[in-house]
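Listed below, chain by chain, are the residues.
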Amino acid sequence: MRFILFATLLSPSASYGLLSRRGFISAVATAESAAAATAISPISSAQQRSSSLVKMAANHAIGEVDVSGTRVPVALWYPKGVSPSVGEARGTYSYVIDIGGIARNFRVGWLLGWLPRKEFSLPPSGSIYDEPSPSSSTAQQPGDAIIFTHGFLGSPLDMSHVCEALAERGFTVAAPEFPESLCASFKNPDGISRAEIVAATRELVDGGRGVRWGLFGHSAGAGTTLKQPGTFSLGRCALCPGYRGYEESDPLLVIASEGDAVNQLLVSNGVDVQVNLRAEAEAGRVTTMYTQASDVYAEKSPPQRGALIYKDGGALPAGATQLPNHISFLWTGVDEAMIELLSPFLPVAKALRLFVLDFDTYLEARDAETTAADVAPAVLRFFAANSQR
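As the structure is a prediction and not an experimental result, all values here were calculated from the model.

1. With respect to the pairing of strand β7 (residues 172-176)
So, step 1. The buried count for β7 comes to five of five residues, which makes it a mostly enclosed element.
So, step 2. Relative to β7, strand β6 (residues 145-149) is paired through three bridges, and the arrangement is parallel. Opposite I147, over in β7, you have A174 as the bridge partner.
So, step 3. For the segment spanning β6, helix α6 (residues 160-168) and β7, crossover handedness is right-handed.

2. A short note on the environment of L76
So, step 1. In this fold, L76 is placed in strand β2 (residues 70-78).
So, step 2. Taking C-alpha positions, L76 is 7.3 Å from G63, a pair spaced 13 residues apart along the chain.

3. Points about the side chain of S219
So, step 1. As for its placement among the helices and strands, S219 is situated in the loop between β8 (213-218) and α8 (220-227).
So, step 2. Polar side-chain contacts of S219 include one of 2.9 Å to the side chain of H326.

4. Comments concerning the packing of α6 against helix α14 (residues 368-387)
So, step 1. Closest axis-to-axis distance for the α6/α14 pair is 10 Å, and the angle between their directions is 40 degrees. Considering their axes alone, α6 and α14 lie oblique with respect to each other. Handedness of the α6/α14 crossing: right-handed. Note on element contacts: α14 touches α6 through A372, A376, V379, L380 and F383, opposite H161, V162, A165 and L166.
So, step 2. Class assignment for the residues of the contact of α6 with α14 results in eight nonpolar, one polar and no charged.

5. Details of the nonpolar core
So, step 1. One finds Y95, F216 and F383 to be the most contacted residues of the largest nonpolar core, which totals 72 residues.
So, step 2. Per-element accounting of this core gives the leading share, ten residues, to α14.

6. Let's talk about the pattern of salt bridges
Pairs can form between side chains of opposite charge whenever their charged atoms are close.
So, step 1. Tallied over the entire structure, the rule returns eleven salt bridges.
So, step 2. Two residues, R71 and E64, come together in a salt bridge whose shortest N-O distance is 3.1 Å.
So, step 3. Owing to a relative accessible area of 40%, R71 belongs among the partly exposed residues under this scheme.
So, step 4. E64 sits in the partly exposed class, given a relative accessible area of 40%.
So, step 5. Put simply, R194 and E180 hold a salt bridge, and the shortest N to O gap is 2.9 Å. Residue R194 is found in helix α7 (residues 194-206), and its partner E180 is found in the loop between β7 and α7; the two are separated by 14 residues along the sequence. Accessibility classification places R194 together with E180 in one group, the buried group.
So, step 6. Among the ionic contacts, a cluster of salt bridges with common partners joins E64, D66 and R71.

7. Re the sheet that holds β8
Think of a sheet as strands paired side by side through backbone hydrogen bonds, with each pair either parallel or antiparallel.
So, step 1. Strands sit in the order β3-β1-β2-β7-β6-β8-β9-β10-β12-β11 across an open sheet of ten strands; the sheet is mixed. Sheet topology places β3 (88-90) and β11 (288-290) at the edges, where each strand pairs with a single neighbour. Neighbour-to-neighbour, the strand axes of the sheet open up by a mean angle of 20 degrees, direction not taken into account.
So, step 2. Its contacts with the sheet put helix α10 (residues 273-282) on β10 (252-257), β11 and β12 (305-310), and the angle it makes with β12 is roughly 150 degrees.

8. Description of empty space enclosed by the protein
So, step 1. In this structure the tally under the stated criterion is one cavity of 30 Å³ or more.
So, step 2. Put simply, the largest cavity is a space of about 40 Å³.
So, step 3. If one sorts the elements of the lining of the largest cavity by residue count, α14 sits on top with four residues.
So, step 4. Of the residues contributing to the lining of the largest cavity, the split by class is seven nonpolar, three polar and no charged.

9. Some thoughts on the packing of aromatic side chains
So, step 1. What the rule picks out here adds up to ten aromatic pairs.
So, step 2. Each ring, one from F106 and one from F152, has its centre 5.9 Å from the other, and the planes form 75 degrees; the classification is edge-to-face. Of the two residues, F106 is situated in the loop between α4 (99-105) and α5 (109-112) and F152 in the loop between β6 and α6; the sequence distance between them amounts to 46 residues.
So, step 3. Taken together, the aromatic side chains of F148, F216, Y290, Y297, F382 and F383 make up a single cluster linked through ring pairs.
So, step 4. Its guanidinium or amino end placed over the ring of F178, R194 lies 4.2 Å from that ring's centre, counting from NZ or CZ.
So, step 5. If you follow R202 out to its NZ or CZ, it ends over the ring of F232, 4.5 Å from the centre.

10. Description of the environment of V275
So, step 1. Position of V275 among the secondary structure elements: in helix α10.
So, step 2. In this structure V275 comes out as partly exposed when scored by relative accessible area, which is 39%.
So, step 3. As for V275 and Y243, which are separated by 32 residues in sequence, their C-alpha atoms are 9.5 Å apart.

11. A closer look at α6
So, step 1. Counted residue by residue, α6 has eight buried out of nine residues, so it is predominantly covered.
So, step 2. Every buried residue belonging to α6 is among S160, H161, V162, C163, E164, A165, L166 and A167, and all of these are buried.
So, step 3. Buried-residue contacts for α6 involve β2, β4 (93-98), β6, β7, β8 and α14.
So, step 4. G170 sits one or two residues past α6 and shows a positive phi near 105 degrees.

Reading the values: rules and limits
- Each residue is numbered by its place in its chain's sequence as written, counting from 1.
- Local features in a predicted model are, by the rule used here, given only for residues with pLDDT of at least 70; side-chain atom pairs are given and counted only at 80 or more, and totals for whole chains, interfaces and linings are based on all residues.
- To get the side-chain values, take all heavy atoms of the structure and skip hydrogens and water.
- Three labels apply to residues, based on accessible area from a 1.4 Å probe with only protein chains included: buried if under 20% of the type maximum, exposed if over 50%, partly exposed otherwise in between.
- The way it works is that DSSP assigns letters per residue, a run of H or I at least four long becomes a helix, a run of E at least two long becomes a strand, and they are numbered from the N terminus.
- Pairing between two strands requires that DSSP report at least two bridges joining them.
- Clockwise travel from the first strand over the helix to the second, with the strands pointing away from the viewer, marks a crossover as right-handed.
- Polar contact criterion, stated in full: a pair of N or O atoms within 3.5 Å, where within protein one must be able to donate a hydrogen and the other to accept it, and residues adjacent in sequence count only if both atoms are side-chain atoms.
- Each axis is a line fitted through C-alpha atoms, and for a helix only the stretch in contact is used; angles between axes span 0 to 180 degrees, taken between their N-to-C directions.
- Throughout, the term roughly parallel applies to angles under 35 degrees, roughly antiparallel to angles over 145, roughly perpendicular to angles from 65 to 115, and oblique to all others.
- Take the far helix as your reference; a near helix turned counterclockwise from it by less than a right angle gives a left-handed crossing, and one turned clockwise gives a right-handed crossing.
- Working rule for contacts: check all heavy atoms of both residues, and any pair within 4.5 Å makes them a contact.
- Three classes are used: nonpolar for Ala, Val, Leu, Ile, Met, Phe, Trp, Tyr, Cys and Pro, charged for Asp, Glu, Lys and Arg, and polar for all others, with Gly counted as polar.
- Definition of nonpolar core: a set of buried residues of the types Ala, Val, Leu, Ile, Met, Phe, Trp, Tyr and Cys, connected through side-chain atoms within 4.5 Å.
- For this document, the term salt bridge refers to a Lys or Arg side-chain nitrogen within 4 Å of an Asp or Glu carboxyl oxygen.
- Put plainly, a pocket is an open set of points on a 1 Å grid over the protein atoms alone with protein on both sides within 12 Å along at least five of seven lines, a cavity is a set where a 1.4 Å probe fits but cannot get out, and a lining residue has an atom within 4 Å of a point.
- Grid points are joined across faces, edges and corners, and a volume is the space filled by probe spheres set on the points.
- By convention, a stacked pair of Phe, Tyr or Trp rings (six-membered ring in the case of Trp) has centres within 6.5 Å and planes under 30 degrees apart, an edge-to-face pair has planes over 60 apart, and any other such pair is tilted.
- Cation placement over rings: the criterion is NZ of Lys or CZ of Arg within 6 Å of the ring centroid and within 35° of the ring normal.

Shown next as structure tokens:
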């Protein structure tokens, strides 16, 4: 349904014009019944393997910030031993997929508002990443903080594995929910922007203390990361971005994949991350191009700008059989929850000829963990290196 909504909400008439309205509703209703029949509650079967006994390595909390009168949820992670100063402490993650709520927020509730809302209780990732020098990925100043910005129809928990790992290494991490979230936790009648939400989140955590900040985001959240006003001296990391260039002075890390169908769509529309990075280099804004994740920011003197592009014929994450796709970069916990609830809708999406955001590819690959083992240490080293500058 994430992919059905992607097309339906952007262009409702085009999305279901291939079927009659009655046929569309009938098809979705059938898929919804299948989802209800096959869903496993409260956590996905993959998550039940062994992580149900894993304790949160960092202190997790849920807070909220007021943005022009709208209360916006914020997920928070604090270093171990640091009591949450904002929000209510949690030992597990509450992950919500509210399909009807999203439809109502995007003013197509008359068509899809009856679709289900499901809450998952997900255990922490408990991920341990293999790094050549773990001490090199530790924050160097108390209070150093990072904001994660999720993508369109994403959630604050999309990169929980990285947020946990950052907090474990001494960073405070905050992930606000945006109006286009899959959780649909709040309405946005006044049209508050992503930039406003990020600025308010920064103020919520900073509290006027003037701590150093970094940003990282996935997909549309990568665009937020690249465009957010202000100084982020710990750097900006853009995962799967629609990269058109970067002129800020903050350190930069770009990670993308030729196996990402969204990247392929952007390239076909003239937005090619590799072409644009080369153009910037010719203009004097040189980016160090890495060929494998283990080299990213592993130097004694790391660069100001770096990029890792997974290419056809290039190095794959260990254990992977294909290039990472758009969803591969997310935490396996949210990926498995989406599969659990939404996979019955895939035939509907295909009948409607919708762009499915690599959902079908991920169903076959199930490579979030192998991708994380490659990508997460690179992201950790990037922020730690900038923390040491």
